[in-house]
Structures are given as C-alpha cells and as structure tokens.
Amino acid sequence: MIVTIDGVAASGKSSVASGVARALGVPFVSSGLLYRAATLLALEAGLSLEGAPALLAHLEANPLRLEPLAGGNRVWLGGRDLTDDLHSSRVDAGVSAVARLPPVREWVNAQLRLLPDPFVAEGRDMGTNVFPHADAKFYLTASPRVRAERRARERLEDVPAIEAALVERDRRDAGQSAPAPDARIIDTSALSLEGVIGAVLAGLPARTA
Ligand SMILES: Nc1ncnc2c1ncn2[C@@H]1O[C@H](COP(=O)(O)OP(=O)(O)OP(=O)(O)O)[C@@H](O)[C@H]1O
Ligand SMILES: Nc1ccn([C@H]2C[C@H](O)[C@@H](COP(=O)(O)O)O2)c(=O)n1
C-alpha cells in the first residue's frame, strides 16, 4: 500500500505524512530530504548547483542514505547524520536549482523506488511521476501567508521574508509540483494539523485505512 502526499512548500506535507503513517502503522518517506542533502553536499564541496555531471559524480562518490524512520526521516552520509543541517535558509535557497536537474531527479527516484512498501511518501511528484500507481493520492495547499506564519514559529525570521522566499520557491518548483489528476486536493489554511491528518485518513479507500 502506497499513499502519496504532495503539495507546495511548507504546506504541511511532512507533518501530515508523519501523522497519517503513524495512524496506519507504516513508515513515511520524505523525498525532499534527498534533494536537500544533494544541495548541502554541493554547497559544502563548492560545486555549481546547475552543473549536473559534476554534482552527480559527487553524489556517486559520496552515497547518501535516506532512513525512513516512523518518528522522522534521517539522511546519512556514511556515519554523518546530515538531517539537522537540511532546513537552513542556504539549502532552501539552492534546493530548487538542484531539484530541476533531470539526472538528480532520476538519482532520487531510483532510491525511492527501491523502498519496500507499505509507506506514505511526501514530496512534489510522488503521485504523478514516482508512484503513479499509488493506492491513494493527496495534494496539500495553503495560502502563502498562513504557511509563512507556521514557519515563523520554527525559525527566527520575520513572516514577510519567509513568505517571499516560499512564493519564490513555489515558482521555481512549479515544473515538478502539479497535482496528480486523481489526487484529492486539501486546502489546509483553515485546518489544524490534526484536522488535515483526519481528512487524509477519511479519504483513504476502505482496503487501505
Ligand atoms: N494544518 C496545520 N496547522 C498548523 N500548523 C501546521 C499545519 N500543517 C503543518 N503545520 C506546521 O507548519 C510547519 C510546516 O510543516 P511541514 O514542515 O510539515 O511542511 P512541509 O510541506 O513538509 O515543508 P517543506 O516543503 O519546507 O519541507 C510545521 O511547523 C508544522 O508543524
Ligand atoms: N518530490 C520532490 C520533493 C522535493 N522536491 C524539491 C522541491 C523543494 O524545493 C525541495 C525541498 O523539498 P521540501 O523539503 O520543501 O519538500 O526539493 C522536488 O522537486 N520533488
């Protein structure tokens, strides 16, 4: 059983995927972390974020491992846990350029398709490109202001600056962020986290829930 939860930046994908996965007793998979980890490695190595061949060679020489733990996914580079460094403003600003590179997308997708189901997968193209055969698909949205206000509770930045960065990231990610035609779209602007998790669970087909 595969459930996909896609959506725009900071719409609640990982929080909702985590809650849904916990309710179903399965792992969840945060695909964006692999794009973020690839970006961090490129930045640390001083590589261009637009040079696919050098970046791919670097990724192959420094294999990353996504650990889809139920309590929160982690990304490892050998024995180094990169996870806590993946949500910085520097990675946020660079990740869309890296995620646009077709060889990097193929590299991420190949890793995701090796994971044994069942799981809940969240990202941008889980329901369209990576797991088009998923049993149930959801797409989360919320207004930029609401998303920025939620993020501001986690970061020492002001709401207008966060909102501007989110809108810019939405624009850059638009090419790979369209909802699947068979996805259920949920506007979370006026919903609590528990309300969104409940809406997803209520939308699962009987054999999945
Ligand atoms: N419905 C909700 N009500 C209130 N807060 C929420 C809701 N959904 C998510 N949040 C909060 O919004 C923030 C962003 O959520 P989360 O990190 O899950 O989003 P995301 O879509 O995975 O983000 P990103 O695209 O940056 O990886 C978190 O602080 C989370 O707790
Ligand atoms: N399936 C995916 C997942 C993520 N991305 C890109 C787009 C985002 O800007 C970036 C980070 O993802 P997030 O942590 O915000 O979910 O990675 C993508 O293109 N496809």
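Conventions adopted
Residues numbered from 1 in each chain as written. Chains lettered and ligands numbered in written order. Predicted model: local features only at pLDDT ≥ 70, side-chain atom pairs only at ≥ 80, totals over all residues. Heavy atoms only, no water. Helix = DSSP H or I, 4+ residues; strand = E, 2+ residues; numbered from the N terminus. Rg over C-alpha atoms; globule rule 2.2 N^0.38 Å. Buried < 20%, exposed > 50% of the residue type's maximum accessible area, 1.4 Å probe, protein only. Contact = heavy atoms within 4.5 Å. Areas by Shrake-Rupley, 256 points an atom, 1.4 Å probe, with all protein chains shown as cover. Lys, Arg positive; Asp, Glu negative; His and termini not counted. Charge placed at Lys NZ, Arg CZ, Asp CG, Glu CD. UniProt positions renumbered as here; feature names shortened; annotations may be inferred. Near = heavy atom within 4 Å. Polar contact = N/O pair within 3.5 Å; in protein donor to acceptor, adjacent residues only side chain to side chain. Nonpolar A, V, L, I, M, F, W, Y, C, P; charged D, E, K, R; others polar.

### Regarding the overall build of the chain
Okay, so step 1: When helices and strands are counted, the chain shows nine helices and eight strands.
Okay, so step 2: Against the compact-globule benchmark of 17 Å for 209 residues, the chain has a radius of gyration of 16 Å, which places it among compact chains.
Okay, so step 3: By principal-axis analysis of the C-alpha atoms, the chain measures approximately 45 × 40 × 30 Å.
Okay, so step 4: Residue burial in the chain is summarised as follows: out of 209 residues, 48% are buried.
Okay, so step 5: Of the contacts made within the chain by residues no fewer than 6 positions apart, 73% connect residues no fewer than 24 positions apart.
Okay, so step 6: Just so you have it, the chain exposes about 9500 Å², and 56% of that area is on carbon and sulfur atoms.
Okay, so step 7: If the 23 positive side-chain charges of the chain are averaged to one point and the 25 negative ones to another, these points end up 1 Å apart.

### A few points about the UniProt feature "binding site: ATP" (unreviewed entry) in the chain
Okay, so step 1: When the UniProt feature table is mapped onto this chain, "binding site: ATP" (unreviewed entry) is found at Gly 7, Val 8, Ala 9, Ala 10, Ser 11, Gly 12, Lys 13, Ser 14 and Ser 15.
Okay, so step 2: Residue placement: Ala 9 occurs in the loop between strand 1 (2-7) and helix 1 (13-24).
Okay, so step 3: Among the residues examined, Ala 9 registers a relative accessible area of 1% and is labelled buried.
Okay, so step 4: With near-sequence residues (within four places) excluded, Ala 9 lies in contact with Arg 124, Arg 147, Leu 166, Arg 169 and Asp 170.
Okay, so step 5: Residue Ser 14 is classed as partly exposed on the basis of its relative accessible area, which comes to 36%.

### Regarding the site of ligand 1
Okay, so step 1: Surrounding ligand 1, one finds 18 residues, the nearest of these being Lys 13, Ser 14, Ser 15, Arg 151 and Glu 154.
Okay, so step 2: A distance of 2.9 Å is found between an oxygen atom of ligand 1 and a side-chain nitrogen or oxygen belonging to Ser 14.
Okay, so step 3: Glu 154 places a side-chain nitrogen or oxygen 2.7 Å from an oxygen atom of ligand 1.
Okay, so step 4: Taking 640 Å² as the accessible area of ligand 1 by itself, protein coverage stands at 83%.
Okay, so step 5: No other element matches helix 1, which puts three residues into the shell around ligand 1.
Okay, so step 6: Class assignment for the residues of the shell around ligand 1 results in six nonpolar, five polar and seven charged.

### Brief notes about the side chain of Asp 92
Okay, so step 1: Following the sequence through the fold, Asp 92 ends up in helix 4 (residues 89-99).
Okay, so step 2: If we skip the residues at most four places from it in the chain, Asp 92 touches Arg 36, Arg 155 and Arg 169.

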